[in-house]
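# Remarks on the overall topology
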Amino acid sequence: MEVMNKRSSSFSDGKIRMIQGAILALALTIFLGNLMMWIIMPTFTYYQKWVPVLVAATNSTFFDIQGPIMMNFTFPILFIAVLGCLYVHLEKKKSDTVTSSYCNKDWLKILKKPKIIKPLGIVTWIELFFLAMFIILCVWYFSAFVYFHYSTITTYAATKGVEVWQARIDRLALVIGLTGNICLTFLFYPVSRGSSILPLLGLTSEGSIKYHIWLGHMAMTLFTIHGLLFILFWAVSGRLHEMLTWDPHYISNVPGELGLLVGLILWATTFPAIRRRMFELFFYTHYLYILFMVFYLLHTGMFYACIMLPGFFLFLIDRYLRFLQSKQKVRLISARVLTCETVELNFSKISGLEYSPTSIMFLNVPSISKLQWHPFTVTSNSNLESDTISVVIKCEGSWTKKLYSVMSLPSSVDRLDVSVEGPYGPASTHFLRHDTLVLISGGSGITPFISIIRELIYMSSTLKCKTPKIFLVSVFRNTSKLSMLDLLLPIAGTPSGCSSNLDLQIEAYITREIEPAQEKSEPLRTILFKPDHSDAPITPILGQNNWLWFAAIISSSFALYLLFVGLLYQYYVYPMDHGTNKVFPYHTRALFNMLFIAAAIVIAASAAFLWNKKKSARETKQIQDMADSAKSLNSLIAYADQDLESLPQQLLDKSIKTHYGHRPDLKRILLEVKGSSVGVLASGPKTLRHDVAAICSSGLVENLHFESISFTW
């Protein structure tokens, strides 16, 4: 029977992989076709042949000229997003017991080798390849548009009434702005936390923030040059009064200037020197992206915005779903306070909420700040801890220090209002592909490894899978930080034989002490919170089939948007443009489009959210009733008073070897690790991650597979 189950699992996984392969092939084909449209757009062929055909074909259409442009540049990417939802949904259906022989067939392992390039940091050869391709696309876009506009520069200068050299400045400014539009096209994909496109590339939102940073710097550099060149052109041609024009039938200058001003304020606070020292200033000014996008659409109109619309459309869907989830106060069960200025918060959740190791969750505590949301690593395991979800918070900023001060008061708080977004993380993990896992952490960088170790505890003790050997190297400043290792075991439900089934070796390095501290470390302090009827367990925002619902939201919201725009054009814009001497203003069209996008997303996402909330209401009510009962409270008290010197804890303590007064010799450690496939994960300070990446990319050994885990926002 067991053999038949394995064959059935392998067969179903094989079918899933075939379907996923077909999805990837279709998505790649659509993207390449869309890329060809981007390449053709700045050429004579597009404007002299394609545009006249589009105009001729849309004289009496439902959407006027906007329809074909939108279907060419917006629809393909949204369709890829729907395919991505199906891909991730199938990924979650795969069997967890994937054979290591299959996973070891990583044909791209050479291209995944890390490389350190300043100022980009740690990048792989694949990332460098796509970065080079993107730069080539921008260079092509710039050069093709320059050739297109400069070929008729004499005629344009005569029409404009300026000198040829002045007209060149004018056209150059336009081309640089259009090139910046390419950067803006990709800007919002990395910050869509529930993105369905990033998983197609094997990426997560938290791991893609660096792309958002690169694109943001490139876009604002180009837009700033774009604006300055136009100001120069107006100055040398005696047309400074055009800075105050708001043309209803063409590009409007005033909203463009306002958008650039807002963008410069936002951009100035993103540089590390300001972001790290004044995080709140960076956080609040980043909300100016709303004004920036409004002014951008008023400046360009929808014709030029169609190419960047899909990324922004998907971001708005994700942002609205996060807003809906964040309005609910969640049930905080307990907290564990460590002496090393670290807090573990334990929340109630429904059993249907599943997540992968290294997931993150965003927290908001209104009593500290009503607007600030901060990401923290989820350290619990959805299999071992089916009713709770935990995060670990280390004091490293003003917000976290305020939270710790509240938790560490002698008179403990009995209630804390908390809202959450998430959890977000990879659709699946592939730890079983390796013979050995080397986890190297510095300080609070150990938190993502807690979830990995708990996942492997579950696999080895419950699923009876063959798990890789785990070698954890943790670097701390002083002895008090060692208490973070106590969080490696789950709150409750740890299988008694987990340590014997799991090959775990821990080496802790204390860098600022040469010998163990004499004073006895204080035990973990547990705080229990009183339940409240207004609190609810954390639930998946769109239910267990959230990716299918997300695909439905993308499809239905875009269809609603097209319906709204079509009705506007059919009964108002088209009759005005073709039946009278008036022309419907460009900025008014942009305002209506913004309104229709917002309305379509609100209608589709709200309907899906309310439907799933109704389905999960019964389980939520049961959890709330249990939390209110005296029996539940007594069980929590019993749990809080349980002896920490349990068998799993004793076995864990025996696996820890502590070194004082020096840092680990990472090169020696990594070169001595045995195994045909060794997964190396580094989390913590930038210098530590760079050192590990340099060793893995040195070519001294071929069995190291590096992955950096960074939560630098």
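Residues numbered from 1 in each chain as written. Predicted model: local features only at pLDDT ≥ 70, side-chain atom pairs only at ≥ 80, totals over all residues. Heavy atoms only, no water.

## Examining the overall build of the protein
Along its length, the protein carries 23 helices and 15 strands. For the protein, the residues scored as buried account for 51% of the 713 residues in total. Taken as a whole, the protein presents about 33,500 Å² of accessible surface, with 63% of it coming from carbon and sulfur. (Helix = DSSP H or I, 4+ residues; strand = E, 2+ residues; numbered from the N terminus. Buried < 20%, exposed > 50% of the residue type's maximum accessible area, 1.4 Å probe, protein only. Areas by Shrake-Rupley, 256 points an atom, 1.4 Å probe, with all protein chains shown as cover.)

## Observations concerning the environment of glutamate 707
Tracing the chain through its elements places glutamate 707 in strand E15 (residues 704-709). C-alpha separation for the pair glutamate 707 and leucine 681, spaced 26 residues apart in sequence, amounts to 4.9 Å. Those residues in contact with glutamate 707 that sit more than four places away from it in its chain are Val680, Leu681 and Ala682. (Contact = heavy atoms within 4.5 Å.)

## Overview of the side chain of serine 390
The residue serine 390 is located in strand E7 (residues 388-394) in this model. Residue class for serine 390 comes out buried when judged on its relative accessible area of 0%. In this structure the side chain of serine 390 is engaged in a polar contact, spanning 2.6 Å, whose partner is the side chain of asparagine 346. (Polar contact = N/O pair within 3.5 Å; in protein donor to acceptor, adjacent residues only side chain to side chain.)

## Overview of the state of the cysteines
Under the definition given, this model contains 0 disulfides. We note that cysteine 183 lacks a disulfide partner, and the nearest cysteine sulfur, in cysteine 138, lies 4.4 Å from it. (Disulfide = S-S within 2.5 Å.)

## Here's the deal with the confidence of the model for the protein
Here the protein averages 81 in pLDDT, and 84% of its residues register 70 or above. Below a pLDDT of 50 lies the segment residues 96-107, which in the model reaches 14 contacts outside its immediate sequence neighbourhood of four places, other chains included. Below pLDDT 50 for its whole length, residues 630-645 participates in 15 contacts with residues either more than four positions away or in separate chains. (pLDDT = per-residue confidence, 0-100.)

## Some details on the sheet that holds strand E4 (residues 342-348)
With antiparallel pairing, the 4 strands of this open sheet are ordered in space as E7-E4-E3-E12. At either end of the open sheet lies a strand with only one pairing partner, and these are E7 and strand E12 (525-528). Put simply, the sheet's adjacent strands are angled 20° from each other on average, direction ignored. Looking at chain direction, strand E3 (residues 332-338) and E4 are connected through 6 bridges and run antiparallel. Bridge pairing links alanine 335 to leucine 345 in E4. Packed onto the sheet, helix H15 (residues 398-407) meets E3, E4, E7 and E12 and runs at close to 80° relative to E4. (Pairing = 2+ DSSP bridges. Axes fitted to C-alpha atoms, helices over the stretch in contact; angles between N-to-C directions.)

## Observations concerning the sheet that holds E15
As summarised here, the arrangement of the 6 strands in space is E13-E11-E10-E9-E14-E15, forming an open sheet in which the pairing is parallel. In this open sheet, the two strands that pair with only one neighbour each are strand E13 (656-660) and E15. With strand direction ignored, the average angle separating the axes of adjacent strands in the sheet is 15°. In this structure, strand E14 (residues 678-683) lies alongside E15, joined through 6 bridges in parallel fashion. When the sheet's bridge partners are listed, valine 678 is paired in E15 with leucine 704. Contacts from helix H16 (residues 447-461) reach strand E9 (436-442), strand E10 (469-476), strand E11 (504-510), E14 and E15 within the one sheet, and its direction differs from that of E9 by about 155°.

## Focus on the pattern of salt bridges
For the structure shown, the criterion picks out 13 salt bridges. Salt-bridge contacts for arginine 322 lead to aspartate 318; the nearest nitrogen and oxygen are separated by 3.0 Å. With a gap of 4 residues between them, arginine 322 and aspartate 318 both fall in helix H14 (residues 309-326), about one helical turn apart. Aspartate 318 matches arginine 322 in its accessibility class, with the two residues each being buried. Each of Arg193, Asp318, Arg322 and Glu421 takes part in one network of salt bridges that share partners. (Salt bridge = Lys/Arg side-chain N within 4 Å of Asp/Glu carboxyl O.)

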